[in-house]
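# Structural characterization, general
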Amino acid sequence: MVIRIAAVGDVHLDEDVVGRFRPALEEMPGNADVLLLAGDLTRHGTEVEARCVAREFGGLGVPVVAVLGNHDHQCDQVPQVVGALEEAGIVVLEGNGVVLDSPGGRLGVAGVKGFGGGFAGRCASDFGEPEMKAFVRTTTESADRLAEALHSLDCDLLVALTHYSPVPDTLAGEPLEIYPFLGSYQLGQAIDSAPTALALHGHAHHGSERGTTPGGVRVRNVAHPVIKQAYSIFHLGDHLDQAQVSGIGAGGIQQSWS
Amino acid sequence: MTRHRGLGAGPPDEYVEAEIHRLLTEDPAVAEQGISVVRTERALVLYGEVESAQRRDEILRRVSERFPDVPITSDIGVIRKQAPTEIEQLP
Ligand SMILES: [Fe+2]
Ligand SMILES: [Fe+2]
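Definitions and limits used
- Residues numbered from 1 in each chain as written.
- Chains lettered and ligands numbered in written order.
- Predicted model: local features only at pLDDT ≥ 70, side-chain atom pairs only at ≥ 80, totals over all residues.
- Heavy atoms only, no water.
- Phe/Tyr/Trp six-rings, centres within 6.5 Å; stacked < 30°, edge-to-face > 60°.
- Lys NZ or Arg CZ within 6 Å of the ring centre and 35° of its normal.
- Salt bridge = Lys/Arg side-chain N within 4 Å of Asp/Glu carboxyl O.
- Helix = DSSP H or I, 4+ residues; strand = E, 2+ residues; numbered from the N terminus.
- Donors = N, O, S within 2.8 Å, 3.2 Å for Na, K, Ca; no water.
- Tetrahedral: all angles 85-135°; square planar, octahedral: opposite > 155°, others 65-115°.
- Buried < 20%, exposed > 50% of the residue type's maximum accessible area, 1.4 Å probe, protein only.
- Pairing = 2+ DSSP bridges.
- Axes fitted to C-alpha atoms, helices over the stretch in contact; angles between N-to-C directions.
- Contact = heavy atoms within 4.5 Å.
- UniProt positions renumbered as here; feature names shortened; annotations may be inferred.
- pLDDT = per-residue confidence, 0-100.
- Parallel < 35°, antiparallel > 145°, perpendicular 65-115°, else oblique.
- Left-handed = near helix turned anticlockwise from the far one by under 90°.
- Nonpolar A, V, L, I, M, F, W, Y, C, P; charged D, E, K, R; others polar.

The name an unreviewed UniProt entry assigns to chain B is BON domain-containing protein, from the organism Micromonospora sonchi.

For chain A, an unreviewed UniProt entry supplies the name Metallophosphoesterase and the organism Micromonospora sonchi.

Set out below in structure tokens:
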């Protein structure tokens, strides 16, 4: 059985964009079991913009699950933004998860916004000035919450949803100098600590689509400027029987997936 | 932000580039982190993709307004929004 996942990030909605995605979104029921939004839903994170997101992505006929991005934090109206999205039936994750029943099985989605810090051997450390330690600890806490959320879900297929990238692979195309602002290896570590089948993120507008965590979990950058279409669709879990899924869960080995 | 001196006196320099780059993100009328500023011999060229034609036009308007003496051209595109025609199979 297959679970059909539609995903896009970085739609940066404001009133000038309302209606742009709708024709493509109307084609979604029948083609996808869920739509995942990988953050930067708004331009400045205002409640007004969140209502634009609610209009554009609400009432689609498929469940919509989102994480916020850095843009959604810009105006310090996160509770209002989340409220507007939830009113439209959009599930907003931050350090928690949701399990959705679909014809192909139970899909678990765990989500956090995530944060920067960089990648193995070239990352910020929890050392020195309080500002630097606060930066690194923000990432550590976010990754810890992601790991906890991933482990908390009882499902057939597990997906991690973040805004920041868990791997450098999907940043290819961005200047190397800004990698530490685009993601963190700790998110990858959290993803690898659970039997995750797929990790989706956004944020890196100049990045590339495909990557893999060190533990072998497939990663996709679904930022709108990267996928260059209204959303991407992934068919997950084909040809897998329950024994294989359990095997991966028990051993944490992803060989049969790559 | 530091005011830039000597505009028009020489070629656009790194500080102008840095200032434009920050303006693109920090100006609420723009708020784009995905625009690159590339220096060529004749002008500074803005590259990237945005969600609407208004945003594309507004970027050039704001940057030209702020740096009237710097030759700037824009090659910013509007991101396509069609439904996918292919599905990625992840067995
Ligand atoms: Fe973004
Ligand atoms: Fe972002």
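### Thoughts on the packing of aromatic side chains
Applying the stated criterion across every chain yields a total of three aromatic pairs over all chains. Taken together through their ring pairs, the aromatic side chains of F115(A), F135(A) and Y164(A) make up a single cluster. Here the basic side chain of R66(B) rests over the ring of F67(B), its NZ or CZ set 5.1 Å away from the ring centre.

### Examining the pattern of salt bridges
Side chains carrying opposite charge are able to pair once their charged atoms draw close together. All names here are of chain B. Following the criterion strictly, the structure yields 22 salt bridges over all chains and no others. The residue E58 makes a salt bridge to R62 at a minimum N-O spacing of 3.9 Å. Of the two residues, E58 and R62 are both situated in helix α2 (residues 53-66); the distance of four residues between them amounts to about one turn of the helix. The network of salt bridges with common partners includes D27, E58, R61, R62 and E65.

### Thoughts on the coordination of the iron ion (ligand 1)
Residues and elements named next belong to chain A. Taken together, the protein ligands of the iron ion (ligand 1) are D10 (OD), H12 (NE2), D40 (OD) and H205 (NE2), with distances of 2.0 to 2.3 Å. Around the iron ion (ligand 1) sit four donor atoms, and with donor-metal-donor angles ranging over 89 to 168° the site reads as irregular. Summarised as a motif, the one-chain spacing of the donors to the iron ion (ligand 1) is D-x1-H-x27-D-x164-H. Between the iron ion (ligand 1) and the iron ion (ligand 2) the interatomic distance amounts to 3.4 Å, and D40 serves as a bridging ligand to the pair. Of the two residues, D40 sits in the loop between β2 (34-38) and α2 (47-57) while H205 sits in the loop between β10 (198-201) and β11 (210-212), which places them 165 residues apart along the sequence. Pair check on accessibility: D40 and H205 agree, each one buried.

### Details of the sheet that holds strand β3 (residues 72-78) of chain B
Residue and element names in this part refer to chain B. Read across the sheet, three strands follow the order β1-β2-β3 without closing on themselves; strand pairing throughout is mixed. At either margin of the open sheet sits one strand with a lone partner, and together these are β1 (36-39) and β3. Strand-to-strand twist in this sheet, taken as the mean axis angle between neighbours without regard to direction, amounts to 20°. Set on the sheet, helix α1 (residues 14-26) makes contact with β1, β2 (44-50) and β3; between it and β1 the angle comes to about 160°. In this fold α2 packs onto β2 and β3, with an angle of close to 165° to the strand it touches most, β3.

### A short note on the coordination of the iron ion (ligand 2)
Residues and elements named next belong to chain A. For the iron ion (ligand 2), the full set of protein donor atoms is D40 (OD), N70 (OD1), H163 (NE2) and H203 (ND1), at a range of 2.1 to 2.2 Å. Relative to the metal, the four donor atoms surrounding the iron ion (ligand 2) lie at angles of 89 to 158°, and the coordination shape comes out irregular. Counting along the primary sequence, the residues that act as donors to the iron ion (ligand 2) give the motif D-x29-N-x92-H-x39-H. Among the residues examined, D40 registers a relative accessible area of 1% and is labelled buried.

### Examining the UniProt feature "domain: Calcineurin-like phosphoesterase" (unreviewed entry) in chain A
When the UniProt feature table is mapped onto this chain, "domain: Calcineurin-like phosphoesterase" (unreviewed entry) is found at residues 3-205 of chain A. Overall, residues 3-205 of chain A shows 30% helix and 23% strand. The separation of its end C-alpha atoms is 27 Å.

### Examining the confidence of the model for chain B
This prediction gives chain B a mean pLDDT of 88; 87% of its residues lie at or above 70. Across the interface, the model reports ipTM at 0.87; the global pTM reads 0.90.

### Some thoughts on the packing of α1(B) against α2(B)
For any two helices packed against each other, one specifies the crossing angle of their axes together with the interaxial distance. Residue and element names in this part refer to chain B. Following both chains from N to C, one finds α1 and α2 inclined at 135°, their axes separated by 11 Å at the closest point. Put simply, α1 runs oblique to α2. Our pair here, α1 against α2, has a crossing hand that is right-handed. Of the residues in α2, those touching α1 at E19, I20, L23 and L24 are I59, R62, V63 and R66. Its residues assigned to classes, the contact of α1 with α2 comprises five nonpolar, no polar and three charged.

### Structural notes on α2(A)
Residue and element names in this part refer to chain A. The complete set of buried residues in α2 reads E49, A50, C52, V53, A54, E56 and F57. Where the residues of α2 are buried, they touch α1 (22-26), β2, β3 (64-67) and α3 (78-87). Positive phi shows up at G59, right after α2, with a value of about 60°.

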